[in-house]
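What follows is each chain in one-letter form.
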Amino acid sequence: MKLPAGFRPLQLFGCLILLLGGGGCTKTPDTAAAGKAGGTSQPIKIGFLVKQPEEPWFQLEWKFAEKAAADLKFNLVKIGATDGEKVLAAIDNLAAGGAQGFVICTPDTKLGPAIVAKAKAANLKLIAVDDQFIGADGQPMKNVHYLGISARKIGESVGQTLAAEMKKRGWKAAETAVCMVTFDELATAKERTDGASDALVAAGFPREKIFRAPVRTTDIPGSFEASNTLLTQKPDVKRWLVGGMNDTAVLGAVRALEGRGVPVENAIAVGINGTDCIVELEKAKPTSFYGSMLLSAKEHGYKTCEMLRQWIKDGVEPPLDTRTVGTLITRENFRQVLKEQGVRD
Ligand code: FCA
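This report concerns the structure included in the present document. What you see is a predicted model; the values in this text were computed from it and never measured.

1. Thoughts on the overall build of the chain
Part 1: For the chain, the count of helices and strands is 11 helices and 12 strands.
Part 2: A total of 345 residues make up the chain; the buried ones form 45% of that total.
Part 3: A separation of at least 24 residues holds for 75% of the contacts in the chain among residues at least 6 apart in sequence.

2. Quick word on the sheet that holds strand β8 (residues 239-244)
Whenever strands of a sheet pair, they do so through backbone hydrogen bonds, lying parallel or antiparallel.
Part 1: Strand order in the open sheet formed by 6 strands is β7-β6-β8-β9-β10-β12, and the pairing between neighbours is mixed. Only two strands of the sheet have a single neighbouring strand rather than two, namely β7 (210-214) and β12 (326-330). Ignoring strand direction, the axes of neighbouring strands in this sheet form an average angle of 20°.
Part 2: Of the pairings in the sheet, the one linking strand β6 (residues 176-182) to β8 comprises 6 bridges and is parallel in character. Note on β8: the bridge partner recorded for Ala-177 is Trp-240.
Part 3: Strands in contact with helix α5 (residues 151-168) are β6, β8, β9 (267-273), β10 (289-295) and β12; relative to β9, the strand with the most contacts, it is inclined by about 160°.

3. Structural notes on unusual backbone geometry
Part 1: Of note in the backbone geometry, Asn-123 takes a positive phi value of approximately 60° without being a glycine.
Part 2: When you line up the elements, Asn-123 lands in the loop between α4 (112-121) and β4 (125-129).
Part 3: Asn-123 sits in the partly exposed class, given 13 other C-beta atoms within 10 Å.
Part 4: Positive phi values are uncommon outside glycine, yet Asn-273 reaches one of about 120°.
Part 5: On the neighbour-count criterion, Asn-273 (25 C-beta atoms within 10 Å) is buried.

4. Concerning the nonpolar core
Part 1: In this structure, Ile-46, Phe-102, Val-250, Ala-253 and Ala-269 are the most contacted members of the largest nonpolar core, which totals 97 residues.
Part 2: Mapped onto the domain boundaries, this core takes at least three residues apiece from domain 1 (38-144 + 297-324) and domain 2 (151-295).
Part 3: Residues in contact with Phe-102, not counting those within four places in the same chain, are Ile-46, Gly-47, Phe-48, Leu-49, Leu-94, Leu-124 and Leu-126.

5. A short note on the sheet that holds β4
Part 1: Taken together, the 6 strands give an open sheet; going across it, the order is β2-β1-β3-β4-β5-β11, and neighbouring strands pair in parallel fashion. If you trace the sheet from one side to the other, it starts and ends with β2 (75-80) and β11 (321-324), each paired once. When strand polarity is set aside, the average angle formed by the axes of neighbouring strands in this sheet is 15°.
Part 2: Judged from the 4 bridges that link them, strand β1 (residues 45-50) and strand β3 (residues 101-104) form a sheet pairing that is parallel. Along β3, the bridge assignment pairs Leu-49 with Ile-104.
Part 3: Across the sheet, helix α2 (residues 56-72) is in contact with β1 and β2; its angle to β2 comes to roughly 165°.
Part 4: Running over the sheet, helix α10 (residues 297-314) touches β1, β3, β4, β5 (146-149) and β11 and is turned about 160° from β4.

6. Comments concerning the site of the ligand
Part 1: What surrounds the ligand is the set Glu-55, Trp-57, Cys-105, Asp-130, Asp-131, Ile-149, Thr-188, Thr-218, Asn-246, Ile-272, Asn-273 and Leu-295.
Part 2: When its residues are assigned to classes, the shell around the ligand shows 5 nonpolar, 4 polar and 3 charged.

7. Remarks on the environment of Gln-42
Part 1: Mapped onto the elements of the fold, Gln-42 is located in the loop between α1 (9-20) and β1.
Part 2: Overall, Gln-42 belongs to the exposed group, with 10 C-beta atoms counted inside 10 Å.
Part 3: In this structure the C-alpha to C-alpha distance between Gln-42 and Gln-100, which are 58 residues apart in sequence, comes to 9.3 Å.

8. Remarks on the packing of helix α3 (residues 84-96) against α4
Part 1: Two elements in contact, α3 and α4, have axes whose closest approach is 10 Å; the angle formed by their N-to-C orientations is 10°. Taken together, the axis directions place α3 and α4 in an arrangement best described as roughly parallel. As for the relative orientation of α3 and α4, their crossing is right-handed in sense. Judged by residue contacts, Val-87, Leu-88 and Ile-91 of α3 engage Ala-114, Ile-115, Lys-118 and Ala-119 from α4.
Part 2: The residue inventory of the contact of α3 with α4, partitioned by class, reads 6 nonpolar, no polar and 1 charged.

9. Brief notes about the pairing of β5
Part 1: Burial of β5 is two-sided: the residues Tyr-146 and Gly-148 facing one way and the residues Leu-147 and Ile-149 facing the other way are all buried.
Part 2: In terms of strand pairing, β4 meets β5 through 2 bridges, oriented parallel. The residue of β5 that forms the bridge with Ala-128 is Tyr-146.
Part 3: In terms of strand pairing, β5 meets β11 through 4 bridges, oriented parallel. Bridge assignment links Tyr-146 to a residue of β11, and that residue is Asp-321.

10. Comments concerning helix α7 (residues 220-233)
Residues that lie three or four places apart on an α-helix share one face, since the helix turns once every 3.6 residues.
Part 1: Look at α7: 20 Å from first C-alpha to last across 14 residues, which is about the 20 Å you get at 1.5 Å a residue.
Part 2: Looking only at α7, the buried set comprises Ser-223, Phe-224, Ala-226, Ser-227, Leu-230 and Leu-231.
Part 3: At its buried positions, α7 is contacted by β6, β7, β8 and α8 (247-259).

11. Section: the pairing of β10
Part 1: For β10, the buried fraction is high: 7 of the 7 residues fall into the buried class.
Part 2: When β9 meets β10, the two strands line up parallel, connected through 5 bridges. From the neighbouring strand, Gly-271 faces β10, where its bridge partner is Ser-292.
Part 3: Note that β10 and β12 share 5 bridges and pair antiparallel. Each bridged residue has a counterpart across the sheet, and for Met-293 the counterpart in β12 is Leu-328.

Calculation criteria
- Counting from 1, residues in each chain are numbered in the order their sequence is written.
- This being a predicted model, a pLDDT of at least 70 is required before a residue's local features are given, and a value of 80 or more before pairs of side-chain atoms are given or counted; all residues contribute to the totals for chains, interfaces and linings.
- In DSSP terms, a helix is any run of H or I states spanning at least four residues, a strand is any run of E spanning at least two, and both are numbered starting from the N terminus.
- To sort residues by exposure, count the other C-beta atoms lying within 10 Å of each residue's C-beta; 20 or more gives buried, 12 or fewer gives exposed, and values between give partly exposed, all with C-beta atoms placed from the backbone.
- Whether two residues are in contact is decided by their C-beta atoms, placed from the backbone, lying within 7 Å.
- A pair of strands counts as paired when DSSP detects no fewer than two bridges linking them.
- Axis lines are fitted through C-alpha atoms, for helices just across the contact stretch, and the angle between N-to-C directions can take any value from 0 to 180 degrees.
- Here a nonpolar core is just a set of buried residues of the types Ala, Val, Leu, Ile, Met, Phe, Trp, Tyr and Cys, joined wherever their C-beta atoms sit within 7 Å.
- The split into domains, and so the bounds of each, comes from an automatic or database assignment of domains.
- In this text, near has one meaning. A residue is near a molecule or strand if its C-beta atom, placed using the backbone, is within 6 Å of it.
- The residue classification treats Ala, Val, Leu, Ile, Met, Phe, Trp, Tyr, Cys and Pro as nonpolar and Asp, Glu, Lys and Arg as charged. All others, Gly included, are polar.
- Orientation labels follow simple angle bins: below 35 degrees gives roughly parallel, above 145 gives roughly antiparallel, 65 to 115 gives roughly perpendicular, and whatever is left gives oblique.
- Here a crossing is called left-handed whenever its near helix is offset anticlockwise from the far helix by less than a right angle, and right-handed whenever the offset is clockwise.
- Each residue after the first adds 1.5 Å to the expected span of a helix.

This is how it looks when you write it as structure tokens:
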């Protein structure tokens, strides 16, 4: 375990005593399974719960989790947990079925405290992936192990890519606006779209021409509806730049632009995930979907399982916060990059 500077083993011991005595210690993770600190020699069973099993991103996470299960010899239980009820029932089932832990992308980050309480009661270790739990105080639950993307940085790369491509095409700011598909209820989504907007402004784009299209649902119909509303309100904009929290958000906007007859060459759209846009990039005729920040589904699917297995088996606690990076893919390089990253053969 990596200790913060100035945090000596003696203090750790002190925390342990405090904990055993019923006190608290902020340095102690919420989900260090109650009771046993060491490992287990039992067969290892790990659950992998995702909020949107229909999304290619989550299917790919599962694919890499399956690879980890085969390589590292543990049983994997994949569960589509699309609402709070399903999440809580799944935790009960995992516990009853002899699992020792689970990785989860929760359908609602505010379920964090309930998930932690249930996991603790069932003596299950957990790692949150993609979407960080939010506590009762509205703040991220930093004591729950988490692996997610460097959301702000990746969002900034989207903004920089849009600005660079706009410049390359010689577009004027006066005839251009941004359609930013937002979902501020989810912290990682807000960080991404805020990062994209700020980077556009830093590149000289006027902030007042960055328009938000807030979605009600995080799927293509949800994004289509939100974008279409915005486009209807702004009939005079000639050219559009499009960003959003993921490929799905951006694809909905691209379809809305097409629906309103905006020519393909008059819009530049950049997504995030790089997994839900492959069909789009493979289309023989280019659309306005220019590219995407490819995330590492392998880190999110394989590494989370590997860390959890080691925690269960050998008592080796993973880092509390792990962040992953993104790589721009476009029509030019996506086949090569996807191959290099083991996403495609
Ligand atoms: C969130 C999004 C997913 C993916 C993931 C890393 O959960 O909903 O599409 O971007 O973060």
